[in-house]
Structure formats: structure tokens, C-alpha cells
Amino acid sequence: MTLKFLTSSLLAATLAFSSTIANANNELIAIITPSHDNPFFKAEAEGAKQKAEELGYTTLVASHDDDANKQDQLIATAVARKAKAIILDNAGSDVTVGALEKAKAAGVPAFLIDREINKTGIAVSQIVSNNYQGAQLGAEKFVELMGEQGLYVELLGRESDTNASVRSQGFHDIIDDYPEMKMVAQQTANWSQTEGFTRMESILQAHPNIKGVISGNDTMALGAEAALKAAGRTDVIVVGFDGSDYVRDSILANGNIKATVLQPGWDQAQEAVMQADAFIKTGSTGKDEKQLMDCILIDADNAKKLNSFAMSK
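Residues numbered from 1 in each chain as written. Predicted model: local features only at pLDDT ≥ 70, side-chain atom pairs only at ≥ 80, totals over all residues. Heavy atoms only, no water.

Where an unreviewed UniProt entry is consulted, the protein appears under the name Sugar ABC transporter substrate-binding protein, with the organism given as Chelonobacter oris. Quoted verbatim from the Subcellular location (unreviewed entry) field of UniProt, the annotation for the protein is "Cell envelope". Annotation of the protein in UniProt includes, under Sequence similarities (unreviewed entry), the sentence "Belongs to the bacterial solute-binding protein 2 family." (UniProt positions renumbered as here; feature names shortened; annotations may be inferred.)

Chemist: Please explain the packing of helix α6 (residues 131-145) against helix α7 (residues 162-175) as it appears in this structure.
Modeler: Two measures define how a pair of helices packs: the angle their axes make with one another and the distance between the axes. The N-to-C vectors of α6 and α7 enclose an angle of 40°; their axes lie 7 Å apart at closest approach. On the basis of their axis angle, the class for α6 and α7 is oblique. As α6 packs across α7, the resulting crossing turns out to be right-handed. Between α6 and α7, the residues in contact are Asn-131, Tyr-132, Ala-135, Gln-136, Ala-139, Glu-140, Phe-142 and Val-143 and Asn-163, Val-166, Arg-167, Gln-169, Gly-170, Phe-171, Asp-173, Ile-174 and Ile-175, respectively. The residue inventory of the contact of α6 with α7, partitioned by class, reads 9 nonpolar, 5 polar and 3 charged. (Axes fitted to C-alpha atoms, helices over the stretch in contact; angles between N-to-C directions. Helix = DSSP H or I, 4+ residues; strand = E, 2+ residues; numbered from the N terminus. Parallel < 35°, antiparallel > 145°, perpendicular 65-115°, else oblique. Left-handed = near helix turned anticlockwise from the far one by under 90°. Contact = heavy atoms within 4.5 Å. Nonpolar A, V, L, I, M, F, W, Y, C, P; charged D, E, K, R; others polar.)

Chemist: Would you mind showing me how to read the pairing of strand β3 (residues 58-63) here?
Modeler: Judged by how many residues are buried, β3 sits mostly within the fold: 6 of 6 residues are covered. Alignment of strand β2 (residues 28-33) against β3, held across 6 bridges, turns out to be parallel. When the sheet's bridge partners are listed, Thr-33 is paired in β3 with Ser-63. In this view, the connection linking β2 to its parallel neighbour β3 by way of helix α3 (residues 39-54) has right-handed handedness. (Buried < 20%, exposed > 50% of the residue type's maximum accessible area, 1.4 Å probe, protein only. Pairing = 2+ DSSP bridges. Right-handed = clockwise from strand over helix to strand, strands pointing away.)

Chemist: I tried to follow the packing of helix α4 (residues 68-80) against helix α5 (residues 97-105) on my own but got confused; where do I start?
Modeler: Where α4 contacts α5, the axes come no closer than 10 Å and their chain directions differ by 5°. Relative to α5, the element α4 is oriented roughly parallel. Contacts between α4 and α5 involve Asp-72, Ile-75 and Val-79 from the first element and Ala-99, Leu-100 and Ala-103 from the second. Across the contact of α4 with α5, the residue classes tally to 5 nonpolar, no polar and 1 charged.

Chemist: Got a minute to help me understand the UniProt feature "domain: Periplasmic binding protein" (unreviewed entry) in the protein in this structure?
Modeler: What UniProt calls "domain: Periplasmic binding protein" (unreviewed entry) maps, in this numbering, to residues 29-281. Taken as a whole, residues 29-281 contains 47% helix and 21% strand, while its terminal C-alpha atoms sit 13 Å from one another.

Chemist: Help me out: how do you make sense of the nonpolar core in this one?
Modeler: As a rule of thumb, soluble globular proteins bury nonpolar side chains together. Val-153, Met-200, Ile-210, Val-213 and Ile-257 are the most contacted members of the largest nonpolar core, which totals 30 residues. Taken together, the elements giving at least two residues each to this core come down to α3, β7 (150-156), α8 (193-206), α9 (218-230), α10 (245-252) and β11 (257-262). The residues that make up this core include at least three from each of domain 1 (28-128 + 264-293) and domain 2 (131-262). Once you skip the residues sitting within four places of it in the chain, Val-153 turns out to touch Val-184, Ala-185, Met-200, Ile-203, Ile-210, Gly-212, Val-213 and Ile-214. By size, the runner-up hydrophobic cluster in this structure holds 22 residues, among which are Leu-28, Ala-30, Ala-110 and Ile-117. (Core = buried A, V, L, I, M, F, W, Y, C linked by side-chain atoms within 4.5 Å. Domains from an automatic or database assignment.)

Chemist: In this structure, what is going on with the packing of aromatic side chains? I would like to understand it.
Modeler: Aromatic rings in a pair are described by how distant their centres are and how their planes are angled relative to each other. For the structure on display, the rule yields 4 aromatic pairs. Considering the side-chain rings of Phe-40 and Phe-41, the 5.7 Å spacing of their centres and the 75° angle between planes classify their relative orientation as edge-to-face. Accessibility assignment for this pair places Phe-40 and Phe-41 in one class, buried. The aromatic ring of Phe-241 is capped on one face by Arg-167, whose charged end is 4.1 Å from the ring centroid. (Phe/Tyr/Trp six-rings, centres within 6.5 Å; stacked < 30°, edge-to-face > 60°. Lys NZ or Arg CZ within 6 Å of the ring centre and 35° of its normal.)

Chemist: What exactly am I supposed to notice about the pattern of salt bridges here?
Modeler: Pairs may arise between side chains of opposite charge once their charged atoms sit close together. Taken as a whole and assessed by the stated rule, the structure comprises 19 salt bridges. The salt bridge involving Arg-115 is made with Asp-161; its shortest N-O contact spans 3.1 Å. You can see Arg-115 sitting in the loop between β5 (110-113) and β6 (125-129) and its partner Asp-161 sitting in the loop between β7 and α7, a full 46 residues away along the chain. Arg-115 sits in the buried class, given a relative accessible area of 5%. Residue classification places Asp-161 among the buried positions, given a relative accessible area of 9%. Between Arg-248 and Asp-245 there is a salt bridge, and its shortest N-O distance comes to 3.5 Å. Of this pair, Arg-248 and Asp-245 both sit in helix α10, 3 residues apart, which is roughly one turn of the helix. (Salt bridge = Lys/Arg side-chain N within 4 Å of Asp/Glu carboxyl O.)

Written out as C-alpha cells, the structure is:
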């Protein structure tokens, strides 16, 4: 790595980090996620930060905003700062590989959460939600809410994100068994609430007789719900995926959104930090690289127990 590189692109990345320093001698853990505008990613970052500082580490927290170049700079910054570990929700299953290979070569281990990469042996751990299992839970509830019949639409996540295709497959492996349920539109809204709103507006114009919407994440589901409310369509059922507090509130208020699927982002992030701590201290996590955490269906029966992507006892 050249000095010029460190003093230009890495300077900007370093300044992008939020740093919590309790003691100059504390070992450093870098926590990098997508934008904290999405409450799921914010909860991941906060969960990892809390656990790392509880274990005595200094933390650097940053967002790559799903920009692979920015992610590369942030990972390089973590390496330059001699981080003991990187906790990462990555910006793409392919584009992340090269930066993590460089980090590994520099002796900085990576612990992935939420999204996998398309290569093994680079990250120490890849801890992700069981998206297929969760999607099937959501689809089963959607079919029940729809009375096993009717026209529906699907909002897809970012096409470059493996989770988007896995969730969609899980949805359809359930819904397609019900011949009286007909999908009339399937559009990508890129995990975005704004795009969820605009896609829903145009879909309603083309297909005013829809009865339901199944969404690849809660953010898009909230956008769809806003568009439905604006159109006076309180009759359309929406099911999301993530388990956000905003969707919890909609479920409890009897809004369009009737259910979601909790992927345990807070618990994943804390588990990643605990595994990083074990690896730093012993050279091993004692676990396989790829690890799945099951999802939980959230509906009116248990929504009150949901808070910050975790369930209370």
C-alpha cells in the first residue's frame, strides 16, 4: 500500500469513521455496514458497538452506503489503523472479496453479518439469517392472510444482493403451491422506501384489483404502505421482512402491514463480536465459517415483544 494512497483516499475514509475511544491502549474493532438510514443496519452497528465496548475494545463505526469503492477504502483504513477485527455487512457478494483478501493478508480477520460473500476461506465467520426459512414463514402467513387466493405483487430487493434472490425463492416455493394466488407484478425497489412508494404507485395504476403485496424487506413494505394509504387502499394486505420497529408499529395499529419476518440483526452483530473476541484471544471461534440464524414470524400476536430487531423474553 503506497503512502500516496494512505494520504488521499484513506484520509477521506478515516474521517468517515465514528470513533469511540475509551483508552488509547484498547484494541480496535472496526464495524462497517450499509447506511444507518435503514434501521436494520443501524441496529447491527449499535449491537456490535455495544458488545465490543462491553468486552473492552475501542470501536470504529462507518457506513459504506452500498458503494464498493467506499467499502474498499473503509476496509483499508481499518487495516491501516491496525484493527484487531472487522465486523462487516458487505456491499456486494463479489465486489467485497478482493478487499477482504487484502485484509486477511495484512492479518486483520473479518466477521461477516447479514450478507455472505461468494467465496469461503477469506472471512473467519459468515453469520447470516436463514433467509430462505424466514421467507417461507412470511409466505405462509401471506397465503393465510390472503385466504389462499387473489392478485398480488412482489417487491424485490437489490439485484446484486444474494438475500434478495433467496427471499424471493423462499416466497415462491410456498405461494406457487396455491393456484388461486396470481402474481401480476414483480418489481425491484432496491431495498428503498422511496422506490417502494413509487413502484407501488405505478403498480396500483396498472393493477387496481390487487389484494396483497409481499416485500423483500420492511423498508420497501413501508413505502408500499404509504402509497396504498395515499390511494385510500386500506384493503390491501402487506407482508414485509426484517422485523423493524416501524413495521411493528404498523402491525399493532392495524395498518396495511399485517406481518413481517424478524431476522435477528442485533443478535447476529453481537455474536460476530463475541466470535471476533474469541478469535483474537485464541486463534479460533470454535465454529464453522458459515452459520445460519433462524428467523421469527412477527404478527399481531407477538409484535409487542419486538424492539430494535430483537425479541424480549
